[in-house]
Amino acid sequence: MSFRIERAVTAHVDAICAIERTAVQMFREHPVWPFYKAISIPPEQLEEAIQRGLVWVALDDESNEPVGFVWLDTEHGGDVIGIAEIDVLPAYSRRGIGAALLEHACDWARAAGYRRVDLGTLADVPWNAPFYAKHGFVTVNKWDAAFAYARDRDRENGFPDALRVFMSRRLSLPAADEWTVWPAPAKLNLFLRITGRREDGYHELQTVFRLLDWGDEIRLRTRDDGEIHRLTGVPGVPAETDWLVHAATLLRTHAGVRAGVDIEVEKRIPMGSGLGGGSSDAATALVALNHLWKCGLSADELAELGRQLGADVPVFVRGRSAWATGIGEHIKPITLPKRWYAVLDPHEHVSTETLFQASELTRNAPPATISSFASGETLENAFEPIVRARHPRVAAALDWLGGHGHARLSGSGGCVFLETATIEQAEAVARRCPASFTAWVVEGVGLSPLHRALSRHGATG
Ligand SMILES: C[C@@](CO)(OP(=O)(O)O)[C@H](O)COP(=O)(O)OP(=O)(O)OC[C@H]1O[C@@H](n2ccc(N)nc2=O)[C@H](O)[C@@H]1O
Ligand SMILES: Nc1ncnc2c1ncn2[C@@H]1O[C@H](COP(=O)(O)OP(=O)(O)O)[C@@H](O)[C@H]1O
């Protein structure tokens, strides 16, 4: 039997839950059984982890069905990542599938700049602690402050503490000629008002950019020959027009760099959706390559290069949820409460340029204030009436979501969203989403995942 490891997709959720249910039967005779019997993987949490690219499956090459999986957990924070779960169907054990999954996850974590992988397991089960020990994990003092988070979670779950052992494996940073992995987060515009038009046709606006803990994944590997190659790309976007390539080329020229780069992208942010995917990809290329190529450009210089690429690029370069004015380039970081979002994709490409040209667009709105936004008084999006009139599918998505709370359009659309105070509320809305739309749940963040990655990779900027 041969197998391959791939990123899990939403369609794998049921199979993964079934693998876990089958694998747990191996503990029937173990004192931990009453606990394991009572809990199982929450499918919604698994789906969110899959959408964030944190789950991989081992697929049987013949059946193409998952026979094992590994799930990483970023809750530890800083440069530490956790293994939330790893399971292989008992019928497929002793074929190296578990080891391959473990190595795959550790390789990804290393490329993403993580310096340590932690896990909690059972000391006395041969396929638990001894298996991890064979793969470079060492048992740590479980009372160490670094494991307080894991101990708390065990306590919340009622896991019998005496059976638990925590293990860690150190990871080295990728060498200069190895692949590195960088996030390109999406954004939502929590409101958008147009206050004027400049002589060059660009519009003066006010908006709040909320960065999300979800987005595209960019892989970069520097080259000595100065060439910029996009190896896997954005469907429907040729390399010559890809913002990633534009950003890399602009930085290389501006900073007089001799090196080049290989680029791969895993596109998750729908294009032309108002979630800023192209702009964020460009910002990630600028910020990550500034580090990898050792250009030494300041955040101001990078943001200015970003502005030359597009109005939305600077906020992603700065990496903070922000109040923005000008054409979107004057950015003031803003502290927003912890919130989740149910985001709906009506599968409608909306042209930003066409909307900005619409005759019915309100271009002379009075300026709003941060306090009018914070009080909930200013939450409108100037594009919404026009998008509603021109794009019935987006209107239908707004109407459906509006049945659950205050539905909003992001940027020029077509994605729409609803803000909630708890993850469960967002999940409850996403669960009921009609099949004609795609819904998912994302968390808003203050600091961009790109900048967290930059710190992990040892940069200060
Ligand atoms: C509407 C917003 C809100 O965040 O986002 P999206 O819906 O695109 O995500 C942005 O303002 C979009 O920014 P971005 O997508 O970077 O715009 P650009 O590529 O610079 O410009 C695309 C076109 O939109 C128009 N444009 C853009 C920004 C702006 N402040 N005034 C404009 O008039 C210009 O006609 C330009 O030709
Ligand atoms: N790396 C990229 N990712 C997404 N879109 C890109 C990229 N490079 C170029 N584009 C082009 O930019 C257009 C706008 O993309 P995007 O930023 O996703 O939308 P929006 O501005 O609505 O948030 C796409 O339709 C696509 O043609």
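Criteria and cut-off values
- Residues numbered from 1 in each chain as written.
- Chains lettered and ligands numbered in written order.
- Predicted model: local features only at pLDDT ≥ 70, side-chain atom pairs only at ≥ 80, totals over all residues.
- Heavy atoms only, no water.
- Near = heavy atom within 4 Å.
- Polar contact = N/O pair within 3.5 Å; in protein donor to acceptor, adjacent residues only side chain to side chain.
- Areas by Shrake-Rupley, 256 points an atom, 1.4 Å probe, with all protein chains shown as cover.
- 1 Å grid on protein atoms, 1.4 Å probe; cavity = no way out; pocket = protein on both sides within 12 Å on 5 of 7 lines; lining within 4 Å.
- Sits in = over half its atoms within 2 Å of the grid points.
- Helix = DSSP H or I, 4+ residues; strand = E, 2+ residues; numbered from the N terminus.
- Nonpolar A, V, L, I, M, F, W, Y, C, P; charged D, E, K, R; others polar.
- Buried < 20%, exposed > 50% of the residue type's maximum accessible area, 1.4 Å probe, protein only.
- Pairing = 2+ DSSP bridges.
- Right-handed = clockwise from strand over helix to strand, strands pointing away.
- UniProt positions renumbered as here; feature names shortened; annotations may be inferred.
- Contact = heavy atoms within 4.5 Å.
- Axes fitted to C-alpha atoms, helices over the stretch in contact; angles between N-to-C directions.
- Phe/Tyr/Trp six-rings, centres within 6.5 Å; stacked < 30°, edge-to-face > 60°.

K.L.:
Before we go on, may I ask you to explain the site of ligand 2 in this structure?
P.N.:
Close contacts around ligand 2 come from 17 residues, with Asp242, Trp243, Lys267, Gly276 and Gly278 the closest. Trp243 places a main-chain nitrogen or oxygen 3.0 Å from a nitrogen atom of ligand 2. Interatomic distance of 3.3 Å between a backbone N/O atom of Ser273 and an oxygen atom of ligand 2. Protein burial of ligand 2: of its 540 Å² of free accessible surface, 81% is covered by the chains. Taking a 2 Å distance to the grid points as the criterion, the majority of the atoms of ligand 2 fall inside the second largest pocket. Examining the composition of the shell around ligand 2, we find that four residues originate from one element, helix 8 (residues 277-292), more than from any other. Looking at the shell around ligand 2 residue by residue, the class counts come to five nonpolar, nine polar and three charged.

K.L.:
Is there a simple way to explain the pairing of strand 4 (residues 80-88) in this structure?
P.N.:
In the case of a regular strand, side chains alternate between the two sheet surfaces. Of all nine residues in strand 4, seven are buried, a share of seventy percent or more. Looking at chain direction, strand 3 (residues 66-73) and strand 4 are connected through six bridges and run antiparallel. Bridge pairing in strand 4 links Trp71 to Glu85. What sits between the antiparallel neighbours strand 3 and strand 4 is a turn of six residues, in which Gly77 has the positive phi angle 85°. Where strand 4 meets strand 5 (residues 116-122), three bridges bridge the pair, whose relative direction is parallel. Its bridge partner lying in strand 5, Gly82 is registered against Asp118. Regarding the hand of the β-α-β motif, the stretch spanning strand 4, helix 4 (residues 97-111) and strand 5 is right-handed.

K.L.:
In this structure, what is going on with the UniProt feature "domain: N-acetyltransferase" (unreviewed entry) in the protein? I would like to understand it.
P.N.:
UniProt records the feature "domain: N-acetyltransferase" (unreviewed entry) for residues 3-154 in the present numbering. Secondary structure within residues 3-154 divides into 36% helix and 24% strand; the distance between the first and last C-alpha atoms comes to 33 Å.

K.L.:
Sorry, what's going on with the sheet that holds strand 7 (residues 164-170) here?
P.N.:
Spatially, 1-2-3-4-5-7-6 is the arrangement adopted by the seven strands of the open sheet, whose pairing is mixed. Strand pairing shows two members of the sheet lacking a second neighbour, strand 1 (3-7) and strand 6 (138-139), which therefore form its edges. Note that strand 1 and strand 2 (residues 55-60) share five bridges and pair antiparallel. Residue Arg4 lies in a different strand from strand 2, and its bridge partner there is Leu59. Sheet contacts for helix 1 (residues 13-23): strand 2, strand 3 and strand 4; angle to strand 3, the most-contacted strand, approximately 95°. Against the sheet, helix 4 engages strand 1, strand 2, strand 3, strand 4, strand 5 and strand 7, with an angle of about 160° to strand 4.

K.L.:
Teacher, can you tell me more about the packing of aromatic side chains here?
P.N.:
The geometry of an aromatic ring pair is captured by two quantities: the separation of the ring centres and the angle between the planes. Applying the stated rule across the entire model yields 15 aromatic pairs. Judged by centre distance (5.2 Å) and plane angle (70°), the ring pair of Phe131 and Tyr132 falls under edge-to-face. Classification of Phe131 as buried rests on a relative accessible area of 19%. Accessibility expressed as a relative area gives 8% for Tyr132, which makes it buried. Consider the rings of Phe147 and Phe166, whose centres lie 5.2 Å apart with planes at 20°: the pair is stacked.

K.L.:
What's the story with the site of ligand 1 in this structure? I'm lost.
P.N.:
Around ligand 1, the structure places 22 residues, and the nearest of them are Lys187, His203, Ala311, Asp312 and Ser412. Between Lys187 and ligand 1, the recorded distance is 2.9 Å, taken from a side-chain N or O atom to an oxygen atom. Within the backbone of Ala311, a nitrogen or oxygen atom sits 2.9 Å from an oxygen atom of ligand 1. The protein chains hide 87% of the 700 Å² of surface that ligand 1 would expose on its own. Every element with two or more residues in the shell around ligand 1 is listed here: strand 8 (180-197), strand 9 (203-223) and helix 11 (352-357). Considering only residue class, the shell around ligand 1 consists of nine nonpolar, 10 polar and three charged.

K.L.:
Any chance you could explain the UniProt feature "binding site: ATP" (unreviewed entry) in the protein here in plain terms?
P.N.:
Under the UniProt annotation, the feature "binding site: ATP" (unreviewed entry) is placed at Pro270, Met271, Gly272, Ser273, Gly274, Leu275, Gly276, Gly277, Gly278, Ser279 and Ser280. In the annotation above, Pro270, Met271, Gly272, Ser273, Gly274, Leu275, Gly276, Gly277, Gly278 and Ser279 are the residues that line the second largest pocket. Mapped onto the secondary structure, Pro270 falls in the loop between strand 11 (260-266) and helix 8. Under the relative-accessibility criterion, Pro270 is labelled buried at 18%. Excluding residues within four positions of it along the chain, Pro270 makes contact with Trp214, Leu275, Asp345, Cys415 and Trp440.

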